[in-house]
Amino acid sequence: MTRIRRLWVVVVLAAAVVCAGSGCTVIPVSGPYTMNDAAGADPLTKPFQRMIATSPQPGWGIEQTIRGLQAAMAAYADDPTVLPQYLTAEALKGWTPSGAVTVLDDHLQVDLPEQDGAASAQRVTLKAKQVAYIEEDGTYVPQSGNWGRPFDLVKVKEGGYRVSGLPDGLILTRSDVERAYRPTKLYYLNGSTQDRLVVDNVRLRLKPAETYAKIILERLLKQPSGALVGAATTAFPPGTKVESVRSAEDESVVINLSGPLDLLDLSGEDALMAQIRYSLNNNDVAKGRSISVLVDGEPYTSHHPNTDDQRWLDNPGNSAYYVSNGAVHYLTKDGPGGAVAGPAGEQRQGYSDFAISKKGAYVAARTSTGISVAPLAQGGQWQEVIQGTDLTPPSWHRDGSLWTFDRKNRAVLRYDPAAKRGPETVSAPGVEKLDVTNLRVARDGVRVVVTTGKNTVWLGALTVMGGLELSNLRSLTTTEAGDEIRDAAWRDDEHLLVLVQTKAGQILNEIDVGDGAVVEIPLKDPLQALAALNERVLAESEPEKKGQGSKLLELNEDQSWTSKIDSDVETPLFHLG
């Protein structure tokens, strides 16, 4: 056995000891590998491959050095000792791994210098297609387009090259991220009502010596990602620590916490368990198993899988509605249903853009002079609650308040019936300057989608720190010039449906608001409006002929569409969203 071979065996054996119990596999960064997530015996973890980086070699040329440097970046979180060996002393002093992680396509190209390779200093450029970047809080932000970065290298007397200048941060390939990171759903509490969980999609890096369950819980103790900062909160008191996560003999999951949790105060234990349970189970960890939480080894709270408790992610009311000739009707399994009770069920001209509140208690509609509200009950009447001649369609919040954007006065308005006063203006930094055409509050009561102009959809959140504010605004999608966004509707907590009119026809996209992933839903008929609730998607079609009424369509599981009502439909509706 050669010395090099013996060294490799030692490295593998040592790494195997570190990986024991964590489900990781050791692979050399310089060699080919395949993803292998099988044979994970511990239900608290996820199998993954751990890379072992190679130090720069005296006989390596420029390209080998650059590729070795990138490989050392991929292994840096597991072994930070190799990457510094690629840098000069000056470069090492000025470099830090902190900052966003750049994610590139696997096909990296190293453009070598044209000058004589014998020169002591060389500049090369690493090029690739950029896939994304991962922010320090775990937010995955998709990117597109070409990426390039120059690197200066110098020859060293012992042979080979060192990098004399390196920008901060790590550069990983798509395969590196797939190997070492996991898309993870973290569940926090709605910051205002605290009666519902809000999902926060992040990428978490796996660790050789820790189970995935413990990684999830330790991240859950921190504040949510930038998209939800100030809008979502937690039941964990500051200073809480995860001491251990283990499987008991009866296969239950035992979590031992330490910190300021009071064993005699159980006021927050239900919310805390909900955060833990959904953050583990919805990442396929400890699914179907009982969970016990200890504080300093003493019992605090527990959950059994046969407990049917869905209130933390509820979307009250699964009834579907539609508008016909200005009146709101129920939609039945077979199609048309009767008109709703109260004035909203009466045919009336001049009312449009209807919205149904939580549990179907009220309906709102836009008129030429403002927004009116009526109860879905006999004996009620329409009452104008927000005045304005240029308001966006109304949107209900799960707390019972009604939201719109006043385009004329550049203001976000909120009307709370319980306050028994007129609408209030909600601070919305940056939003006031945009050409807002629609505003919809998600069913989680935190996220807000804002459509501007004809081409852009933004995602914001209702923050409550220091007062109610619509902030954390980020661009979610932008169409090409000449295209137009026709409608946008929340499907569930994590997905938004966006209908786009292009020159070639219409496109209906389902966008993951966590990582921006897009799935196109096939269309047969051109559409005008959307409504959705989890698995159900309803749409109003465009009239086939002038003067002919629209159809109401429903999306099937096989992605085909079925006509539920063949004519005289104006808008489909669900509660909230």
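For the structure, see preceding data.
Residues numbered from 1 in each chain as written. Predicted model: local features only at pLDDT ≥ 70, side-chain atom pairs only at ≥ 80, totals over all residues. Heavy atoms only, no water.

J.: I'd like a rundown of the overall build of the protein chain, residues and numbers included.
T.: Looking only at helices and strands, one finds six helices and 40 strands in the protein chain. Within the protein chain, buried positions represent 51% of all 577 residues. In the structure as shown, the protein chain presents an accessible area of about 26300 Å², 48% of it carried by carbon and sulfur atoms. Where the 58 positive side-chain charges of the protein chain centre and where its 72 negative ones centre are 3 Å apart. (Helix = DSSP H or I, 4+ residues; strand = E, 2+ residues; numbered from the N terminus. Buried < 20%, exposed > 50% of the residue type's maximum accessible area, 1.4 Å probe, protein only. Areas by Shrake-Rupley, 256 points an atom, 1.4 Å probe, with all protein chains shown as cover. Lys, Arg positive; Asp, Glu negative; His and termini not counted. Charge placed at Lys NZ, Arg CZ, Asp CG, Glu CD.)

J.: Any details on helix H5 (residues 212-220)? Residues and values, ideally.
T.: Structural remark: α-helix, 3.6 residues per turn; residues separated by three or four positions point the same way. Most of H5 sits out of view: eight of its nine residues are buried. Within H5, burial applies to Tyr-212, Ala-213, Lys-214, Ile-215, Ile-216, Leu-217, Arg-219 and Leu-220. Looking at the buried residues of H5, the elements they touch are strand E10 (181-190), strand E11 (197-205), strand E13 (241-247), strand E14 (253-258) and helix H6 (269-281). (Contact = heavy atoms within 4.5 Å.)

J.: So what's going on with the packing of aromatic side chains? Which residues, and what values?
T.: Two aromatic rings, taken as a pair, are described by how far apart their centres are and by the angle between their planes. This model, assessed by the stated rule, comprises seven aromatic pairs. Arranged with centres 5.8 Å apart and planes meeting at 45°, the rings of Tyr-187 and Tyr-278 form a pair that is tilted. Placement of the pair is Tyr-187 in strand E10 and Tyr-278 in helix H6, with a sequence separation of 91 residues. Taking relative accessible area as the criterion, Tyr-187 reaches 3% and is therefore assigned buried. Looking at Tyr-278, the relative accessible area reads 6%, which means it is buried. Ring centres of Tyr-351 and Trp-382 lie 4.8 Å apart, and the angle between their planes is 45°; this geometry places the pair in the tilted category. On the criterion of sequence distance, the pair formed by Tyr-351 in the loop between strand E19 (335-339) and strand E20 (352-356) and Trp-382 in the loop between strand E22 (370-375) and strand E23 (383-387) is long-range, its members being 31 residues apart. Residues Tyr-351 and Trp-382 agree in their burial class; the two are buried. (Phe/Tyr/Trp six-rings, centres within 6.5 Å; stacked < 30°, edge-to-face > 60°.)

J.: Can you break down unusual backbone geometry residue by residue, with the values?
T.: Here the phi dihedral of Glu-251 falls at roughly 70°; this positive angle occurs in a residue that is not glycine. Note on placement: Glu-251 falls in the loop between E13 and E14. Given the relative accessible area of 57%, Glu-251 is considered exposed. Its identity is not glycine, yet Asn-534 carries a phi of approximately 55°, on the positive side. Counting through the fold element by element, Asn-534 comes out in the loop between strand E36 (527-533) and strand E37 (536-541). A relative accessible area of 30% places Asn-534 in the partly exposed class.

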